[in-house]
Amino acid sequence: MIRLQVQNLSKTYRRGREPAVKDVSFEIPEGDLLSLVGASGSGKTTLLRLIAGLERPDAGDIRLDARIISCPKGVCPPEERGIGLVFQHQALFPHLTVERNIAFGLRHLDAGERAAVVAPLLELVGLSHLGKRYPHELAGGERQRVALARALAPSPRLLLLDEPFSSLDARLRQAVRDETRAILKARGATALFVTHETGDALSIADRIVVLRQGAVQQDGVPSEVYYAPANAYVASFFGACNFLPVNSLPHPSGARIRCQVGPPALSRGPNPGGEGPGFGIWVRPEDLELVSPENTGALTGSVVKVGFHGAYLEVTLLCEHEAGESFEVIVWHHGPFMVRPGETWAVAPLPQRPRPL
Amino acid sequence: MPTRSSRLCPRCLARFGVWFIAGLVLLPVLVVVWRALEPAGEMWPQIVRNRLAGYLWQSAVLIVGVTFLAILFGVPAAWHVSVHDFPGRRIFEWALLLPLAMPGFVAALAYLDAVEGLIPFYVWIREHFGLEVFLLSQKITPWIFATGILAATLFPYVFLSCRGAFAREAAGSLEAARMLGAGNLRTFLTVAAPMARPAIAAGASLVAMETINDYGVVSAFGLQPLTPGIFRAWTEGYPGAAMRLAVILMAMALLFVSVERWQRGRRRFASDSAETPLARRRLRPAGALWAWTVCLLPLLLGFLIPAWRMLRWALHSPNPVEWAEHAVAAGNSLMLAAGSALLIILGAVVLVGSRRAFAGRSTFLAQRMGLLGYAFPSALVAVGVGAIVSTLSAQPGLGVFALSASVLGLIYAYFVRFLAVGIQPAAAGFETVSSSLHEAARTLGARPLRALLQVDLPLVRPALAAGATLAFIDVFKELTLTLVLRPFDFETLATRIYRLTGESRIPDAAAPGLFMVLISLIGLAPLTRLLRREPWPALGRSETRSRDEEGRGSNGPTP
């Protein structure tokens, strides 16, 4: 069953300006967790506000359980949609206790029923002992959980999360996002969350929609988006990625590389292979290794830069194309030997590793 | 189709409310402009021929003189208090705001008899320089007094805006200038003063606005700029002429308001606020003495001397007969001020709150129009509301309400004139409360009104209280409007002080004057708190700015 359906949605804030959202379509099945990913200015927050009913679209429509809730002719006001929203900075009511924050959306219930909803929620988010506190007395991660509980309390048909982890520091972040996914799955909630952190999206989403300048670039499961990017933008947005021109490979051992030559990676999207001339393949730097240049059949190049990243060395090589053009290849080098700028090394694909497809 | 609430559409209701208020504010001005376009009668050519030039040049001289002197008082004091450290600095920091509590016409009362003290000086001039210089000096004296009194009571506007500029916005550059080896004076002249120029201009235009609004001081010293001219035409029974003069006055006011807004806008872009407060430079004794002089002089002139003199009169000449009348007048003032402040803050909440709940061009415009009231000079509002009231009470059947109509008219005029005083703190308060709190309430199923009442209003309550207090004080000490619109035999404290001063019963006016200063002092408390208040622990603030869609309509500067 499709919970949310967005069709050909467009929104322009000021006449004459670039649209913030243009012709966006996607859907979320019931119980799924979808992530909208994009750089800042990509229109993801606008899309979220459109779905929440805080903005009115210029074109297209939004359906919740097959019923239209937004279209250019009219917008069902946010308070009547049954859509919950977790704000970027939580937006907890500072003058209300944690319990009363969570109970804010339960006005249709009497006091007893309200307590019956709030208590289990507090327990679910692990804050039963903090119900009487005020938001400013809580730590960042705790506030995030209160915001989640508050949005879940009225049992929304869809939960929206706006950069939910961006206000948390790196160490807390991972714990909170795993927790959030667990809580959402425990409630069987259908959720959409917006983020510019690819790590968040890859690790907790069931499905990812990548936005750029208001338009959808790719819509797929996390591993698909990561390993089979639809275009150069998606490829580089999810981390360093090498574009290897097809004819640059000395022999067709490319078959061993997961991002295959030709189909299926290159057949998707309107601009196969991205901006590079001719065809090629996308290879993540962690899927390559450095081998001795005597190794026949490997791509050779001279090292121009070596960066220390803790778990690995990021080695940039300048490789030469058959036609004489040169291009850079980045390799995350885990090997036991040292690499220095100026040396010549060859690049080879790693044996395929397990992927959660 | 999306479902729509079948109840009365709250958005339509809000839109009606804001436009109703905006209409109330604009109505008197529209009336004045409309009437000014009608034929003005035979008196108008005479006024133009005989008086207009005098009104204009007197206004111009007064504005230039007061503004210049206020800058002279305000800027150096702000400079020393913000960037230096010397004994007593912390006291001066707030004490230099005290003159704001001293209405010009009250200060004038305390200085009026000093003119008589100058007689030996005149005699001396007469003997040494001859008749012409003597006459000239007698002509100039009231100008010096009026200019000095207005400047000494109004300079805190310049002081306030410059202090902010020096302490916050320019702090980084000032430190850089010092690190590059610039001395004290050079830093002031080459870095601080140019950077503070928008702030100075903004403060100075407020001073100019207040100067053209003044009636009490200029009339106490017998000067005839535009505002008393409008009064004269009005009381002599030439409303058409009064309205034409009022339109000229409004043009001047709009000029100052636009200068202020333009410069304030520039200041917003220039501001590169320093994270850490400026490290103050400790002054050596000689420098400290100079700083003391610069800070103490305006304070003495604008507050301490008049307050001291009034205190002495009030203590030494108790006149029990007067007290009953003082009390009646004070009662009237308090009642009017409380009623108007309540209405003003209600209006401000409707304007600002609708904007929060239904962001849109129309609510934004309406709020802007509410703010316009402050740009309308008192004399303009006075004749506008006066015309409305007289038209209404001339209707058959309404005559019996004449008295209550004019009290209501008075409150209406205060509402028009001081609505902005309520809107500004309210809007500032709403700005510190992130709009996502309201949106959060809405997504949790709260209707707009409930979201406003349960989420926004509790959080902006301190700001609303501050706005109400400021409006209360402004109404309490209002003289110009009140003189025109008050019903016959109805006195407020301000008009009573003004009348007693006019009748040369200065010692009798001292006690009510002092009372008025005391009440106004209460108004300074929220003002100073407003400047450094942190509303709630840093929660949910500032995210309105960090949304990643730059195309969103910005909130716009709130003056």
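**So, the overall build of chain B**
Consideration 1: The secondary structure content of chain B amounts to 24 helices and two strands.
Consideration 2: Residue burial in chain B is summarised as follows: out of 559 residues, 48% are buried.
Consideration 3: In chain B, 85% of the contacts between residues at least 6 apart in sequence involve partners at least 24 apart.

**Some details on the overall build of chain A**
Consideration 1: Across its full length, chain A holds eight helices and 18 strands.
Consideration 2: In chain A, 66% of the contacts between residues at least 6 apart in sequence involve partners at least 24 apart.

**Quick notes on the confidence of the model for chain A**
Consideration 1: Scored by pLDDT, chain A has a mean of 81; 85% of the residues are at 70 or more.
Consideration 2: This model gives residues 250-277 of chain A a pLDDT under 50, and the stretch forms 53 contacts once residues within four places in sequence are excluded.

**Observations regarding the sheet that holds strand S14 (residues 288-291) of chain A**
Residues and elements named next belong to chain A.
Consideration 1: Read from one edge to the other, the open sheet built from five strands follows the order S14-S18-S15-S16-S17, with strand pairing classed as antiparallel. Strand pairing shows two members of the sheet lacking a second neighbour, S14 and strand S17 (326-333), which therefore form its edges. Neighbour to neighbour, the strand axes of the sheet diverge by 45° on average, direction disregarded.
Consideration 2: Note that strand S16 (residues 313-320) and S17 share eight bridges and pair antiparallel. Bridging across to S17, leucine 313 finds its partner in histidine 333.

**So, the sheet that holds strand S10 (residues 207-212) of chain A**
All names here are of chain A.
Consideration 1: Here we have six strands laid out as an open sheet, ordered S7-S8-S9-S3-S10-S11, and mixed in their pairing. Only two strands of the sheet have a single neighbouring strand rather than two, namely strand S7 (83-86) and strand S11 (215-220). On average, each strand axis in the sheet is tilted by 20° relative to the strand beside it, whichever way the strands run.

**Notes on the nonpolar core**
Consideration 1: One finds Ala70(B), Val158(B), Ile230(B), Ala246(B) and Val383(B) to be the most contacted residues of the largest nonpolar core, which totals 263 residues.
Consideration 2: Not counting residues up to four positions away in its chain, the partners in contact with Val158(B) are Ala70(B), Ile71(B), Gly74(B), Val75(B), Ile200(B), Gly203(B), Ala204(B) and Val207(B).

**Regarding unusual backbone geometry**
Residues and elements named next belong to chain A.
Consideration 1: Phi at glutamine 90 is positive, roughly 70°, even though this residue is not glycine.
Consideration 2: Residue position: glutamine 90 is located in the loop between S7 and helix H2 (98-103).
Consideration 3: The phi angle at glutamate 163 is positive, at roughly 40°, despite the residue not being glycine.
Consideration 4: Residue position: glutamate 163 is located in the loop between strand S8 (158-162) and helix H5 (170-187).
Consideration 5: The exposure class assigned to glutamate 163 is buried, which follows from the 23 C-beta atoms found within 10 Å.

**A short note on the packing of helix H1 (residues 10-37) of chain B against helix H16 (residues 361-372) of chain B**
Residues and elements named next belong to chain B.
Consideration 1: At a minimum axis separation of 8 Å, H1 and H16 run at an interaxial angle of 25°. Taken together, the axes of H1 and H16 lie roughly parallel to each other. Helix-helix and strand crossings are classified by hand; for H1 and H16 the assignment is left-handed. Packed against H1, whose contacting residues are Ala14, Arg15, Val18, Trp19, Ile21, Ala22, Val25 and Leu26, the element H16 presents Ser362, Thr363, Ala366, Met369, Gly370 and Leu372 at the interface.
Consideration 2: Residues belonging to the contact of H1 with H16 are distributed by class as follows: 10 nonpolar, three polar and one charged.

**Here's the deal with the packing of helix H7 (residues 131-154) of chain B against helix H14 (residues 285-316) of chain B**
Residues and elements named next belong to chain B.
Consideration 1: Running from N to C, H7 and H14 point in directions that differ by 105°, and their axes come no closer than 8 Å. The orientation of H7 with respect to H14, classified from their angle, is roughly perpendicular. On H14, the residues touching Gly148, Ala152 and Thr153 of H7 are Pro298, Leu301 and Gly302.
Consideration 2: By residue class, the composition of the contact of H7 with H14 is three nonpolar, three polar and no charged.

**Quick word on the pairing of strand S1 (residues 2-11) of chain A**
Residues and elements named next belong to chain A.
Consideration 1: The sheet contact formed by S1 and strand S2 (residues 21-29) spans six bridges and is antiparallel. When the sheet's bridge partners are listed, leucine 9 is paired in S2 with valine 24.
Consideration 2: Of the strand pairs in this sheet, S1 and strand S4 (residues 59-64) are connected by five bridges, and their pairing is antiparallel. Along S4, the bridge assignment pairs glutamine 7 with aspartate 61.

**Notes on helix H1 (residues 44-52) of chain A**
All names here are of chain A.
Consideration 1: Buried residues dominate H1, accounting for nine of its nine residues.
Consideration 2: Restricting attention to buried positions, one finds in H1 the residues Lys44, Thr45, Thr46, Leu47, Leu48, Arg49, Leu50, Ile51 and Ala52.
Consideration 3: Downstream of H1 by one or two residues, glycine 53 has phi in the positive range, about 90°.

**A look at helix H4 (residues 104-112) of chain B**
Consideration 1: Burial within H4(B) is extensive, with eight of its nine residues counted as buried.
Consideration 2: All of the buried residues along H4(B) are Gly104(B), Phe105(B), Val106(B), Ala107(B), Ala108(B), Leu109(B), Ala110(B) and Tyr111(B).

**Topic: the pairing of strand S9 (residues 191-195) of chain A**
The side chains of a regular strand alternate, first on one face of the sheet and then on the other.
Residues and elements named next belong to chain A.
Consideration 1: Of all five residues that make up S9, five are buried, and the element is covered over most of its length.
Consideration 2: Burial along S9 is two-sided: Ala191, Phe193 and Thr195 and Leu192 and Val194, pointing in opposite directions, are all buried.
Consideration 3: With five bridges connecting them, strand S3 (residues 33-37) and S9 associate as parallel partners. Of the residues in S9, the one forming a bridge with leucine 36 is valine 194.
Consideration 4: Of the strand pairs in this sheet, S8 and S9 are connected by four bridges, and their pairing is parallel. Within S9, the position partnered with aspartate 162 by the bridge is valine 194.
Consideration 5: Considered for its hand, the β-α-β crossover made up of S8, H5 and S9 is right-handed.

**Here's the deal with the environment of Arg197(B)**
All names here are of chain B.
Consideration 1: Examined against the element boundaries, arginine 197 turns out to sit in helix H10 (residues 184-213).
Consideration 2: In this structure arginine 197 comes out as partly exposed when scored by C-beta crowding, with 16 C-beta atoms within 10 Å.
Consideration 3: Residues arginine 197 and alanine 165, 32 residues apart in the sequence, show an inter-C-alpha distance of 9.0 Å.

**A closer look at the environment of Arg100(A)**
Residues and elements named next belong to chain A.
Consideration 1: If you trace the backbone, arginine 100 turns up in helix H2.
Consideration 2: Overall, arginine 100 belongs to the partly exposed group, with 17 C-beta atoms counted inside 10 Å.
Consideration 3: The spatial distance from the C-alpha of arginine 100 to the C-alpha of aspartate 23 is 40 Å, given a sequence separation of 77 residues.

**Details of the environment of Ala66(A)**
All names here are of chain A.
Consideration 1: Along the chain, alanine 66 turns up in the loop between S4 and strand S5 (67-71).
Consideration 2: For alanine 66, a count of 9 C-beta atoms within 10 Å translates into the label exposed.
Consideration 3: Residues alanine 66 and methionine 1, 65 residues apart in the sequence, show an inter-C-alpha distance of 9.6 Å.

Reading guide: rules and limits
- The residue numbers shown here count from 1 along each chain, following its written sequence.
- Whichever chain is written first becomes A and whichever ligand is written first becomes 1, with later ones labelled in order.
- Reporting of local features is limited, given that this is a predicted model, to residues whose pLDDT is at least 70; pairs of side-chain atoms are given and counted only at 80 or more, and all residues count toward the totals for whole chains, interfaces and linings.
- Secondary structure elements are defined from DSSP: runs of H or I of at least 4 residues count as helices, runs of E of at least 2 residues count as strands, and each element is numbered from the N terminus.
- Buried residues are those with 20 or more other C-beta atoms within 10 Å of their own C-beta, exposed residues have 12 or fewer, and partly exposed residues lie in between; C-beta atoms are placed from the backbone.
- We call two residues in contact if the C-beta atoms placed from their backbones are at most 7 Å apart.
- pLDDT is defined as a per-residue confidence score from the predictor, taking values between 0 and 100.
- Any two strands are treated as partners once DSSP identifies two or more bridges connecting them.
- Axis angles are defined between N-to-C directions and span 0 to 180 degrees, where every axis is a line fitted to C-alpha atoms and, for a helix, only to the segment in contact.
- We define the nonpolar core as any set of buried residues of the types Ala, Val, Leu, Ile, Met, Phe, Trp, Tyr and Cys, connected via C-beta atoms lying within 7 Å of each other.
- Under this scheme an angle from 65 to 115 degrees is roughly perpendicular, one under 35 degrees roughly parallel, and one over 145 degrees roughly antiparallel; angles in between are oblique.
- Two helices cross in a left-handed way if the nearer one is turned anticlockwise from the farther one by less than a right angle. They cross in a right-handed way if the turn is clockwise.
- Note that Gly is not counted as nonpolar here; it falls among the polar residues with everything else outside the nonpolar set of Ala, Val, Leu, Ile, Met, Phe, Trp, Tyr, Cys and Pro and the charged set of Asp, Glu, Lys and Arg.
- Call a crossover right-handed when, viewed with both strands pointing away from you, the route from the first strand across the helix to the second goes clockwise.

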